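# Working through the structure, step by step
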Amino acid sequence: MSKEKCEGSGNSEPGGARFGNFINYYQFNPAEERISHLPQDLLANLFPSGGKILALDIGCNAGNLTLALSRKYSTDNLQLNILGIDIDETLIERAKKANDNNSDNDNKPSSEKCGNVEFVCADVMSEKGSQEIQGFLNANGVEKFDVVFLFSVTMWIHLHHGDSGLENLIKTC
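Residues numbered from 1 in each chain as written. Predicted model: local features only at pLDDT ≥ 70, side-chain atom pairs only at ≥ 80, totals over all residues. Heavy atoms only, no water.

## A word on the overall build of the protein chain
Operational definition: Helix numbering and strand numbering both begin at the N terminus, where a helix is a DSSP run of H or I of at least 4 residues and a strand a DSSP run of E of at least 2. Note on classification: 1.4 Å probe, protein chains only; a residue is buried when its accessible area is under 20% of the maximum for its type, exposed when over 50%, partly exposed between these limits. Any two residues whose heavy atoms approach within 4.5 Å at even a single point are treated as in contact. Per-residue and other accessible areas were derived by the Shrake-Rupley procedure at a 1.4 Å probe size, with only the shown protein chains allowed to occlude residues.
Scanning the protein chain from terminus to terminus reveals seven helices and four strands. When the helices and strands of the protein chain are read in sequence order from the N terminus, they spell out α-α-α-β-α-β-α-β-α-β-α. The 173 residues of the protein chain split such that 42% are buried. A fraction of 82% describes how many contacts in the protein chain between residues 6 or more apart in sequence connect residues 24 or more apart. Approximately 9500 Å² of the protein chain is accessible, and the part contributed by carbon and sulfur atoms is 48%.

Spelled out as structure tokens, the structure:
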């Protein structure tokens, strides 16, 4: 994937988050608490035969929730592959570091194992973001994601891109 600097990344003012990319978001909204509201059997019910499931997490922030989703839903029967994408370069670097710390799955209990998770810095509304998403899909030999997670993102897209931005987002996913 591209190493190009993200568009729109970097907050020029302390606490500034023009795109909703709050640096310490998970200190106030723990991923474990947020994910507890999702049914344990959500993906098993959607994909009863299991197999490889491709997911896109738009606005993944520092990856805490993305990795929690992977731990919660990756099973022996269901391989969850997630592409986490965020506009903020600092947050993506944190996500990659957290993912590196989770890469040694062989020595972990099954409740702590992650599926395949990749993080990319890009604005999902830009051409580069579309290229990153399409590259992930192409690498996995499919045209669409099985599941798309949009936690706390649609408001920011609507603020910056209007109704047409939301429509384009849905078409992209």
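Alright, that's what it looks like, and here's the rest.
## What about the packing of aromatic side chains?
The cut-off we apply is this: Any two rings among Phe, Tyr and Trp, with Trp reduced to its six-membered ring, count as a pair given centres within 6.5 Å; such a pair is stacked if its planes are under 30 degrees apart, edge-to-face if over 60, and tilted if neither.
In this structure the tally under the stated criterion is one aromatic pair. Taken together, a centroid distance of 5.9 Å and an interplanar angle of 10° make the contact between phenylalanine 136 and phenylalanine 145 stacked. Accessibility classification places phenylalanine 136 together with phenylalanine 145 in one group, the buried group.

## Comments concerning unusual backbone geometry
Note: most peptide bonds trans; most residues except glycine with negative phi. Phi at asparagine 61 takes a positive value of approximately 60°, unusual for a residue other than glycine. Tracing the backbone shows asparagine 61 in the loop between strand E1 (51–58) and helix H4 (64–73). The exposure class of asparagine 61 is buried, given its relative accessible area of 6%.

## Observations regarding the sheet that holds strand E4 (residues 147–149)
Strands belonging to one sheet form pairs held by backbone hydrogen bonds; the direction of such a pair is parallel or antiparallel. Cut-off, in case you're wondering: Following DSSP output, two strands are said to pair if at least two bridges run between them. To get an axis, fit a line to the C-alpha atoms, keeping to the stretch in contact for a helix; angles then go from 0 to 180 degrees between the N-to-C directions.
Strand order in the open sheet made by the four strands is E3-E2-E1-E4, with parallel pairing throughout. What marks the edges here is a single partner per strand, and that holds for strand E3 (116–121) and E4. The mean inter-strand angle of the sheet, taken between neighbouring strand axes irrespective of direction, is 20°. With respect to the sheet, H4 is in contact with E1, strand E2 (78–86), E3 and E4, its orientation differing from that of E2 by roughly 175°.

## Some details on the side chain of asparagine 81
We count it as follows: Definition of a polar contact: a pair of N or O atoms within 3.5 Å, with one able to donate and the other able to accept a hydrogen when the atoms are protein atoms, and with sequence-neighbouring residues admitted only if both atoms are side-chain atoms.
Following the sequence through the fold, asparagine 81 ends up in strand E2. A distance of 3.2 Å separates polar atoms of two side chains, one belonging to asparagine 81 and the other to glutamine 79. Polar contacts involving the side chain of asparagine 81 include one to the side chain of asparagine 116, which spans 3.0 Å.

## So, the nonpolar core
This is how it is decided: Take the buried Ala, Val, Leu, Ile, Met, Phe, Trp, Tyr and Cys residues and link them wherever side-chain atoms come within 4.5 Å; each set so joined is a nonpolar core.
Grouped together as the largest cluster of nonpolar side chains are 22 residues, with contacts concentrated most on Leu43, Leu69, Leu80, Phe119 and Val147. Elements represented by at least two residues in this core include exactly helix H2 (31–35), E1, H4, E2, helix H5 (89–101), E3 and E4. Excluding its chain neighbours within four sequence positions, the residues that come into contact with phenylalanine 119 are Cys60, Gly63, Thr66, Leu67, Gly84, Ile92, Ala95, Lys96 and Asn99. Counting residues in each nonpolar core, the second largest holds 15 residues, with Leu56, Val120, Val124 and Leu137 among its members.

## Quick word on the pairing of E2
In terms of residue burial, E2 counts as a mostly covered element, since eight of its nine residues are buried. Of the pairings in the sheet, the one linking E1 to E2 comprises eight bridges and is parallel in character. From the neighbouring strand, leucine 56 faces E2, where its bridge partner is leucine 83.

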